[in-house]
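Residue strings, one per chain:
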Amino acid sequence: MHIKEAGIGEGISEVIVTTRSASGEPNAAPIGIITNEDENKYFVKLYKNSKTLSNVMETNKLAVNVTDDAVLFVKAAVGNLNEAHFSLFAGLPVLNEANSWIIFESALIKKNSESFLFQLTPIALKINRKEVKAINRGLNAVIEAAILATRYVITVDKREKEEIERMMEHYTNIVKKCGGRREKEAFGILHEKTSS
Ligand SMILES: Cc1cc2nc3c(=O)[nH]c(=O)nc-3n(C[C@H](O)[C@H](O)[C@H](O)COP(=O)(O)O)c2cc1C
């Protein structure tokens, strides 16, 4: 299967993972897909207490949605996407706006106190469009800030919260200078979550 063609490459690819619960409720969250290029193997590390982890434990499947839409990433990070974003492929939710999606079967290979590691095997793939795009620092800053925001909402450490607020200032400046409309809108959503 042409995983590379669908946009997943060496290192860690940041995507939106969609899953469903045993009862069929869809969920979306930004997640990093780990590619071991030498061995052509794919992995995902899921932290405990996420809906994504409990869904993967229930169904042994996930869909990887490739997109560079800053707003989609942020909405999936701070809450969940509404039903209109999803359609079903073989019973699994995928994102309508994805540039491509790949459905993987998951096998649990390692557990530790904070996270579970799964190996992924592709079973279906669709490429909706191929885009040529230059690097935008505003988009990169939104993704970094989204990671910080997911940390901000779970940490109770006052010092860590202050450090995140300080780093968010730095990313604010980059988004203002380099971002387009989508990046600015996405950052606005994040900012609400990280200013107490
Ligand atoms: C860019 C990005 C990458 C992320 N990668 C991971 C990851 O690889 N594993 C993970 O467990 N959480 C990751 N997260 C955090 C989850 O998206 C976050 O905990 C989310 O709230 C989980 O949502 P859920 O409960 O709906 O599954 C990432 C967040 C961002 C913004």
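Read on for a plain summary of the structure. Please read these numbers as outputs of a predicted model, since none were measured by experiment.

**Comments concerning the pairing of strand β3 (residues 41–47)**
In step 1: Where strand β2 (residues 26–36) lies against β3, four bridges are found, and the strand directions are antiparallel. Pairing of Ile 33 across the sheet is with Val 44, part of β3.
In step 2: Hairpin remark: β2 followed by β3, antiparallel, with four residues in the connecting loop; positive phi at Asn 40, about 60 degrees.
In step 3: Pairing between β3 and strand β8 (residues 115–127): six bridges, direction antiparallel. Along β8, the bridge assignment pairs Lys 45 with Leu 117.

**A few points about the site of the ligand**
In step 1: Near the ligand lie 17 residues; those nearest to it are Pro 30, Lys 45, Tyr 47, Lys 51 and Thr 52.
In step 2: A distance of 2.7 Å separates an oxygen atom of the ligand from a polar atom in the backbone of Pro 30.
In step 3: Taking Thr 52, its side chain carries an N or O atom lying 2.6 Å from an oxygen atom of the ligand.
In step 4: Considering the ligand on its own, with 650 Å² of exposed area, one finds that the protein chains cover 80% of that surface.
In step 5: Among the detected pockets, the ligand sits in the largest pocket.
In step 6: Sorting the residues of the shell around the ligand by element identifies β2, β3, α1 (51–59) and α3 (137–154) as the ones contributing at least two each.
In step 7: Looking at which element gives the most residues to the shell around the ligand, the answer is β2, with five residues.

**Details of the layout of surface pockets**
In step 1: Estimates place the volume of the largest pocket at around 1100 Å³.
In step 2: Around the largest pocket, the lining comprises 32 residues; the ones closest to its centre are Pro 30, Ile 31, Tyr 47, Ile 147 and Thr 150.
In step 3: Those elements giving two or more residues to the lining of the largest pocket turn out to be β1 (11–20), β2, β3, α1, α2 (70–78) and α3.
In step 4: When residues of the lining of the largest pocket are assigned to their parent elements, the largest contribution, eight residues, is made by α3.
In step 5: Each residue belonging to the lining of the largest pocket can be placed in one class, and the counts come to 18 nonpolar, seven polar and seven charged.
In step 6: Looking at the lining of the largest pocket, you find at least three residues from each of domain 1 (11–127) and domain 2 (137–193).
In step 7: Put simply, the second largest pocket is a space of about 900 Å³.
In step 8: Looking at the second largest pocket, it is lined by 30 residues, and the ones nearest its centre are Thr 67, Asp 68, Asn 99, Lys 133 and Leu 139.
In step 9: Take the lining of the second largest pocket: its biggest share by element is four residues, from β1.
In step 10: Grouping the amino acids of the lining of the second largest pocket by side-chain chemistry returns 12 nonpolar, seven polar and 11 charged.
In step 11: Shared between two domains, the lining of the second largest pocket takes at least three residues from each, and those domains are domain 1 (11–127) and domain 2 (137–193).

**As for the pattern of salt bridges**
In step 1: The tally for this structure, following the rule as stated, stands at nine salt bridges.
In step 2: Among the salt bridges present, the one from Arg 182 reaches Asp 69, with a minimum N-O distance of 3.0 Å. Separated by 113 residues along the polypeptide, Arg 182 in helix α5 (residues 181–193) and Asp 69 in the loop between β4 (61–66) and α2 bring together distant segments of the chain.
In step 3: Residue Arg 182 is classed as partly exposed on the basis of its relative accessible area of 39%.
In step 4: Classification of Asp 69 by relative accessible area gives buried; the value is 18%.
In step 5: Taking the shortest distance from any N to any O, the salt bridge between Glu 160 and Arg 151 comes out at 2.7 Å.
In step 6: Among the residues examined, Glu 160 registers a relative accessible area of 23% and is labelled partly exposed.
In step 7: Each of Asp 69, Arg 182 and Glu 185 takes part in a single network of salt bridges with overlapping partners.

Cut-off values and rules
- Residues numbered from 1 in each chain as written.
- Predicted model: local features only at pLDDT ≥ 70, side-chain atom pairs only at ≥ 80, totals over all residues.
- Heavy atoms only, no water.
- Pairing = 2+ DSSP bridges.
- Helix = DSSP H or I, 4+ residues; strand = E, 2+ residues; numbered from the N terminus.
- Near = heavy atom within 4 Å.
- Polar contact = N/O pair within 3.5 Å; in protein donor to acceptor, adjacent residues only side chain to side chain.
- Areas by Shrake-Rupley, 256 points an atom, 1.4 Å probe, with all protein chains shown as cover.
- 1 Å grid on protein atoms, 1.4 Å probe; cavity = no way out; pocket = protein on both sides within 12 Å on 5 of 7 lines; lining within 4 Å.
- Sits in = over half its atoms within 2 Å of the grid points.
- Points joined across faces, edges and corners; volume = space filled by probe spheres on them.
- Nonpolar A, V, L, I, M, F, W, Y, C, P; charged D, E, K, R; others polar.
- Domains from an automatic or database assignment.
- Salt bridge = Lys/Arg side-chain N within 4 Å of Asp/Glu carboxyl O.
- Buried < 20%, exposed > 50% of the residue type's maximum accessible area, 1.4 Å probe, protein only.

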